[in-house]
Amino acid sequence: MGTPELETTLNRAVADGKKLLVTYLTAGLPSSKEFLELVTQLSEVSDAIEVGIPFSDPVMDGPVIQDASTKAIEAGVTPAVSLDLLEEAAAQVSTPLVVMTYFNPIHRMGEAQFADRLAGA
């Protein structure tokens, strides 16, 4: 689901005075298969799902997300793997998926390539 649909969904909810539930998962945790299962399950109760792309130094995110990023990286979840998982997840659910990341992984992959991959997902 692209940005216009997400904005429309969120704006409509706000205009209707609704509260929104945005859940969070770190890409690839607890495993790639289980991550995809969780996205499907959460899509049934979430207005949007935020997916964190693992990063080696997520100091602004607190200890829980820092630990999740470390575990994902140790399991081999890279930004490219994260984007592959996002693409697969987006094909399975209609709930908007939103990415949380730092600029460093985007810069390392290349801004244009990252943007293209993300748009494709």
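Throughout this description, residue numbers start from 1 for each chain and increase along the sequence as written. Predicted model: local features are reported for residues with pLDDT of at least 70 only, side-chain atom pairs are reported and counted for 80 or more only, and whole-chain, interface and lining totals are derived from all residues. Side-chain numbers come from the whole structure's heavy atoms, not from hydrogens or water.

Engineer: Would you mind going over the sheet that holds strand S2 (residues 48-52) with me for this structure?
Structural biologist: Backbone hydrogen bonds are what pair the strands of a sheet, in a parallel or an antiparallel way. Following DSSP output, two strands are said to pair if at least two bridges run between them. The secondary structure listing takes helices from DSSP runs of H or I that are at least 4 residues long and strands from runs of E that are at least 2 residues long, numbered from the N terminus. Across the sheet, which stays open at both edges, the three strands sit in the order S1-S2-S3 with parallel pairing between neighbours. At either margin of the open sheet sits one strand with a lone partner, and together these are strand S1 (22-26) and strand S3 (97-100). Each strand axis lies, on average, 25° off the axis of its neighbour in the sheet, ignoring direction. In this fold helix H2 (residues 32-43) packs onto S1, S2 and S3, with an angle of close to 180° to the strand it touches most, S1. Convention adopted: a line fitted to C-alpha atoms gives each axis, helices being fitted over their contacting stretch, and angles between N-to-C directions are expressed from 0 to 180 degrees. Residues count as neighbours in contact if any of their non-hydrogen atoms are within 4.5 Å of one another.

Engineer: Help me understand the pattern of salt bridges, please; the structure alone is not making it clear to me.
Structural biologist: Working definition: two side chains of opposite charge can pair if their charged atoms are close together. By definition, a salt bridge exists where a carboxyl oxygen of Asp or Glu is found within 4 Å of a side-chain nitrogen of Lys or Arg. This model, assessed by the stated rule, comprises two salt bridges. In this structure, Asp67 engages Lys71 in a salt bridge whose closest nitrogen and oxygen atoms are separated by 3.2 Å. Here Asp67 pairs with Lys71, and both are found in helix H3 (residues 62-74), just four residues apart, close to one helical turn. With a 1.4 Å probe rolled over the protein chains alone, any residue whose accessible area is under 20% of its type maximum counts as buried; one over 50% counts as exposed, and the rest are partly exposed. Relative accessible area serves as the criterion here: at 45%, Lys71 is assigned to the partly exposed category. In this structure, Arg117 and Asp84 form a salt bridge, with 2.4 Å as the shortest nitrogen-oxygen distance. Linking Arg117 in helix H6 (residues 111-120) with Asp84 in helix H4 (residues 79-92), this pair joins segments that are 33 residues apart in sequence.

Engineer: Help me understand the nonpolar core in this model?
Structural biologist: For soluble globular proteins, nonpolar side chains are generally found buried alongside one another. We call a set of buried residues a nonpolar core when its members are Ala, Val, Leu, Ile, Met, Phe, Trp, Tyr or Cys and they connect through side-chain atoms within 4.5 Å of each other. Of all hydrophobic cores here, the largest spans 21 residues; its most connected members are Phe35, Val39, Ile49, Val51, Leu83, Leu97 and Phe114. Secondary-structure elements contributing two or more residues to this core are H2, S2, H3, H4 and helix H5 (103-109). The leading source of residues in this core is H4, at four residues. Setting aside chain neighbours within four positions, we find Leu83 in contact with Ile53, Met109, Phe114, Arg117, Leu118 and Ala121.

Engineer: I tried to follow the side chain of Ser43 on my own but got confused; where do I start?
Structural biologist: Along the chain, Ser43 turns up in helix H2. Judged by its relative accessible area of 17%, Ser43 is buried. Separated by 2.6 Å, the side chain of Ser43 and the backbone oxygen of Thr40 make a polar contact. If sequence neighbours within four positions are ignored, Ser43 has contacts with Ile49, Val93 and Thr95. We call two N or O atoms a polar contact when they sit within 3.5 Å, provided that within protein one can donate a hydrogen and the other can accept it, with sequence-adjacent residues counted only if both atoms are side-chain atoms.

Engineer: Would you take a moment to explain the pairing of S1 for this structure?
Structural biologist: Here is the key point about a regular strand: its side chains alternate between the two faces of the sheet. Pairing between S1 and S2: five bridges, direction parallel. By the bridge assignment for S2, Tyr24 is matched with Glu50.

Engineer: What should I look at first to understand empty space enclosed by the protein in this one?
Structural biologist: Any empty space left between the atoms is revealed when a probe the size of a water molecule rolls over them. Using only the protein atoms, space was sampled on a 1 Å grid; points where a 1.4 Å probe fits but cannot get out form cavities, open sets with protein on both sides within 12 Å along at least five of seven lines form pockets, and lining residues are those with an atom within 4 Å of a point. Grid points are joined across faces, edges and corners, and a volume is the space filled by probe spheres set on the points. On inspection of all chains with the given rule, the structure shows one cavity of 30 Å³ or more. Roughly 40 Å³ of volume is contained in the largest cavity. For the largest cavity, the full set of lining residues is Tyr24, Gly52, Ile53, Pro54, Phe55, Pro58, Asp61, Ile65, Ser69, Met100, Thr101 and Tyr102. Gly is placed with the polar residues, together with every amino acid not listed as nonpolar (Ala, Val, Leu, Ile, Met, Phe, Trp, Tyr, Cys and Pro) or charged (Asp, Glu, Lys and Arg). Residues belonging to the lining of the largest cavity are distributed by class as follows: eight nonpolar, three polar and one charged.

Engineer: Looking at this model, I keep getting lost on a nonpolar patch on the surface. Mind explaining?
Structural biologist: Taken together, Val14, Leu20 and Val22 make up a surface patch of nonpolar side chains, about 250 Å² in accessible area. Along the chain, Val14 turns up in helix H1 (residues 3-15). According to the relative accessible area criterion, Val14 is exposed, its value standing at 59%. In this scheme, patches are assembled from residues that exceed 30% relative accessible area and form no salt bridge. Like charges are connected within 9 Å, while nonpolar side chains (Val, Leu, Ile, Met, Phe, Trp, Tyr) are connected within 5 Å. Using a 1.4 Å probe, accessible areas were evaluated by the Shrake-Rupley method; residue-level cover was limited to the displayed protein chains.

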